[in-house]
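# Structure assessment
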There are 2 protein chains.
Amino acid sequence: MAPRGSYSKGIAKRTEILDAALELVARVGFRRTTVRELADAVGLSQSGLLHHFGTKEQLFTEILRYRDEVDRRTFAGPAGGTGSGELPAAIVNLVRHNAEVPGLVQLYSRYSSEAADPGHPAHDFFRQRYEQARGDLTETITRLRTAGRLPADLDGDRLAVLVFAMIDGLQMQWMYDSSIDMADHIAFFWEMILGAGPEPHSRS
Amino acid sequence: MAPRGSYSKGIAKRTEILDAALELVARVGFRRTTVRELADAVGLSQSGLLHHFGTKEQLFTEILRYRDEVDRRTFAGPAGGTGSGELPAAIVNLVRHNAEVPGLVQLYSRYSSEAADPGHPAHDFFRQRYEQARGDLTETITRLRTAGRLPADLDGDRLAVLVFAMIDGLQMQWMYDSSIDMADHIAFFWEMILGAGPEPHSRS
DNA sequence: GTCTATACTCGGATAGAC
DNA sequence: GTCTATCCGAGTATAGAC
């Protein structure tokens, strides 16, 4: 169970690569995100990098998976939500953060639309990701409904679909017009639905 | 003004190509939509096809522009709306139609995320397209508000952004799970906002 | 206008030395 | 584990004949 020897070293290197990849992509965008460029950025040759991940598709899938993991730690934990773990506010915070890392938004957008093809190696990753995200949100909506903060007859499944659709779609428009404030629009949506919205700011 | 001679023939050929392209893409998806495949489908060689459009990017941009044109004729005209030209219902009908042409949805999704890079030849096309669409919808929202069907203090600009975000985002989730009924979710959204929704069915 | 043929570029994969 | 070197395929663009 406890990683040791060359095994733990492999894991460490992998994480180091993924960290560097996140930083690079966030800065330079998807355009320059080829295996070669990524290899250069982490100080490896192309084949040296691919040694750790196999194929380009696997590498990029891991980058996105790792990003989710980091984001989850940051925004779903005690520092991210409103303290009571309210998902709506956590989502607004996450979206606000995304506006700071345009390259990652681009990568996510491009890769998710490419992987929409059922034959794509990352297809299952995204399918499961959406399923999980919707499931989690539906659960939270049920909680809010029970607490009387949402209409009793509201369809939680449908609402969950809409929320994630909005996040993806806002990113698209934002990439074409960065003056669009994504977090602001999400908050606006919650206001329309909830009446009085949750407080989106958890710090400052 | 009246096209004649080789000029009108060129236009006719162009339209013929675009019609065939729409049909092909709708059927086989983006995966097989390379310049060569497209050329085969319309009975031309690759260079014969590119003769009419210049580059691959210009060709695909024209395909999407032509698609918009066809859709506008179909869904913004007297047969598409509710008769009173209500945009919300027209949108629901358009989205319902999109579910019938998965290949075109895939093409649109992939191409719009690729062109999000400011250096992409189709970047301006999509930027203007979003701007125009939002402008049109904002106008309609103002009309609805004046007619008392929307709250007087509703922010039309923000709502317009959200509606198109939802359309794009729903397509994404639908590509990963075709059991998601896009039109149904759009109608659900209007219901939450409008209270009683407009009738989405204009025929049948 | 359209064809055939070819050249060129890019990017991912692989072999084998160290 | 990492490198260098090579290969290979996909896909676009172009040259030149008809």
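It should be noted that the structure appears before, not after, this text.
Anyway, here's the lowdown on the structure attached to this text. (Residues numbered from 1 in each chain as written. Chains lettered and ligands numbered in written order. Predicted model: local features only at pLDDT ≥ 70, side-chain atom pairs only at ≥ 80, totals over all residues. Heavy atoms only, no water.)

### Section: the protein's contact with DNA strand D
Quick reminder of the rule: Working definition: residue near molecule or strand if any one of its non-hydrogen atoms lies within 4 Å of it. Any pair of nitrogen or oxygen atoms within 3.5 Å is treated as a polar contact; in protein, a donor-acceptor pairing is required on top of that, and neighbouring residues in sequence qualify only through side-chain atoms on both sides. A run of DSSP states H or I qualifies as a helix once it reaches four residues; a run of E qualifies as a strand once it reaches two. Both are numbered from the N-terminal end. Lys, Arg, Asp and Glu make up the charged group, whereas Ala, Val, Leu, Ile, Met, Phe, Trp, Tyr, Cys and Pro make up the nonpolar group; the residues left over, Gly among them, are polar.
A:Ser45, A:Ser47, A:His52, B:Arg36 and B:Lys56 are the nearest of the 16 residues found near DNA strand D. In DNA strand D, the atoms that sit within 4 Å of the protein are 50% sugar and phosphate, with bases accounting for the remainder. Between A:His52 and DNA strand D, the recorded distance is 2.5 Å, taken from a side-chain N or O atom to a phosphate oxygen. One of the backbone N or O atoms of B:Lys56 is found 3.5 Å from a phosphate oxygen in DNA strand D. Of all the secondary structure elements, the ones that give two or more residues to the surface near DNA strand D are helix H3 (46-53) of chain A together with helix H2 (35-41) and helix H3 (46-53) of chain B. Residue contributions to the surface near DNA strand D peak at four residues, all from H3(A). Residue composition of the surface near DNA strand D, by class: three nonpolar, ten polar and three charged.

### Thoughts on the packing of helix H5 (residues 87-98) of chain A against helix H7 (residues 123-146) of chain A
All names here are of chain A. Formally: For helices, the axis comes from a line fit to the C-alpha atoms of the stretch in contact; other axes are also lines fit to C-alpha atoms, and the angle between any two N-to-C directions lies between 0 and 180 degrees. Oblique is the label for every angle not falling under 35 degrees (roughly parallel), over 145 degrees (roughly antiparallel), or within 65 to 115 degrees (roughly perpendicular). Should any heavy atoms of two residues lie within 4.5 Å, those residues are counted as being in contact.
With their axes 10 Å apart at the nearest point, H5 and H7 run at an angle of 135° to one another. Relative to H7, H5 is oriented oblique. Touching Leu87, Pro88 and Ile91 of H5 are Asp136, Leu137, Thr140 and Leu144, all from H7. Residue classes in the contact of H5 with H7 are distributed as five nonpolar, one polar and one charged.

### With respect to the packing of aromatic side chains
Each aromatic ring pair is summarised here by two numbers: the centre-to-centre distance and the angle between the ring planes. For the record, the criterion: For Phe, Tyr and Trp, where Trp contributes only its six-membered ring, two rings pair if their centres lie within 6.5 Å, and the inter-plane angle classes them as stacked under 30 degrees, edge-to-face over 60, or tilted in between. For every residue, the accessible area obtained with a 1.4 Å probe (protein chains only) is divided by the maximum for its type, and the residue is called buried under 20%, exposed over 50%, and partly exposed between those limits.
Going through the model one piece at a time under the given rule, you end up with 17 aromatic pairs over all chains. For the pair A:Tyr176 and B:Phe126, a centre-to-centre distance of 5.9 Å together with 40° between the ring planes defines the contact as tilted. Residue A:Tyr176 is found in helix H8 (residues 156-176), and its partner B:Phe126 is found in helix H7 (residues 123-146); the two belong to separate chains. The residues A:Tyr176 and B:Phe126 share a single accessibility class, namely buried.

### Regarding the environment of B:Ile11
Residues and elements named next belong to chain B. With respect to the helices and strands, the residue isoleucine 11 is situated in helix H1 (residues 5-28). Residue classification places isoleucine 11 among the partly exposed residues on the basis of a relative accessible area of 39%. Isoleucine 11 sits 41 residues away from histidine 52 along the chain, and the two C-alpha atoms are 9.5 Å apart.

### Some remarks on the relation of the copies chain B and chain A
Defined as follows: The copies were overlaid by least squares, fitting only the C-alpha atoms of residues that reach a pLDDT of 70 or more in each copy.
Between chain B and chain A, the superposition needs a rotation of 180° and an axial shift of 0.0 Å, giving an RMSD of 0.1 Å. On this basis, the relationship between the two copies can be described by a two-fold rotation axis.

### Quick word on H7(A)
We count it as follows: Helix span, expected: 1.5 Å multiplied by one less than the number of residues in the helix.
Between its terminal C-alpha atoms H7(A) stretches 35 Å, which fits the 34 Å expected from 24 residues at 1.5 Å a residue. Taken together, the buried positions of H7(A) are occupied by A:His123, A:Phe125, A:Phe126, A:Tyr130, A:Ala133, A:Arg134, A:Leu137, A:Thr138, A:Thr140, A:Ile141 and A:Leu144. Against helix H4 (56-75), H5, helix H6 (102-114) and H8 of chain A together with helix H8 (156-176) of chain B lie the buried residues of H7(A).

### Overview of the protein's contact with DNA strand C
Lining the immediate environment of DNA strand C, one finds 16 residues, of which A:Arg36, A:Gln46, B:Ser45, B:Ser47 and B:His52 sit closest. The sugar-phosphate backbone supplies 45% of the atoms of DNA strand C found within 4 Å of the protein. With respect to DNA strand C, the side chain of A:Arg36 contributes an N or O atom lying 2.8 Å from a base oxygen. At 3.0 Å from a base nitrogen of DNA strand C is found a side-chain nitrogen or oxygen belonging to A:Gln46. Those elements that place two or more of their residues in the surface near DNA strand C are helix H2 (35-41) and H3 of chain A together with H3 of chain B. Residues that form the surface near DNA strand C fall into these classes: three nonpolar, ten polar and three charged.

### What about the interface of chain B and chain A?
Where interface size is given, it is often the accessible area lost as the parts come together that is meant. The condition that has to hold: A quick way to say it: buried area is the sum, across both parts, of accessible area lost when two parts are put together, with a 1.4 Å probe. Only one rule defines a salt bridge in this text: a Lys or Arg side-chain nitrogen within 4 Å of an Asp or Glu carboxyl oxygen.
Of the residues lining the interface, 40 residues belong to chain B; the matching set on chain A comes to 40 residues. Note on chain B versus chain A: buried area summed over both sides is about 3,800 Å², and carbon and sulfur give 65% of it. Counting every contact that joins chain B to chain A gives five salt bridges. Here A:Asp177 and B:Arg134 are joined by a salt bridge, their closest N and O atoms 3.9 Å apart. Across the chain B-chain A interface, the total number found is 14 residue pairs in polar contact (both at pLDDT 80 or more). For the side of chain B that touches chain A, the secondary-structure elements that each account for two or more residues are helix H6 (102-114), H7, H8 and helix H9 (182-194) of chain B.

### Observations regarding the pattern of salt bridges
Evaluation of the coordinates by the stated rule reveals 26 salt bridges over all chains. Note that A:Arg129 is salt-bridged to A:Asp68, the shortest N-O span being 2.7 Å. Placement of A:Arg129 in helix H7 and of A:Asp68 in helix H4 is noted, with a sequence separation of 61 residues between them. With relative accessibility at 24%, the residue A:Arg129 sits in the partly exposed group. Judged by relative accessible area, A:Asp68 falls into the buried class, the value being 15%. The partner of B:Arg110 in a salt bridge is B:Glu114, and the shortest N-O contact between them spans 4.0 Å. Of the two residues, B:Arg110 and B:Glu114 are both situated in helix H6; the distance of four residues between them amounts to about one turn of the helix. Note on B:Arg110: relative accessible area 18%, which makes it buried. Beyond isolated ion pairs, a larger network of salt bridges with shared partners links A:Arg14, A:Glu62 and A:Arg65.

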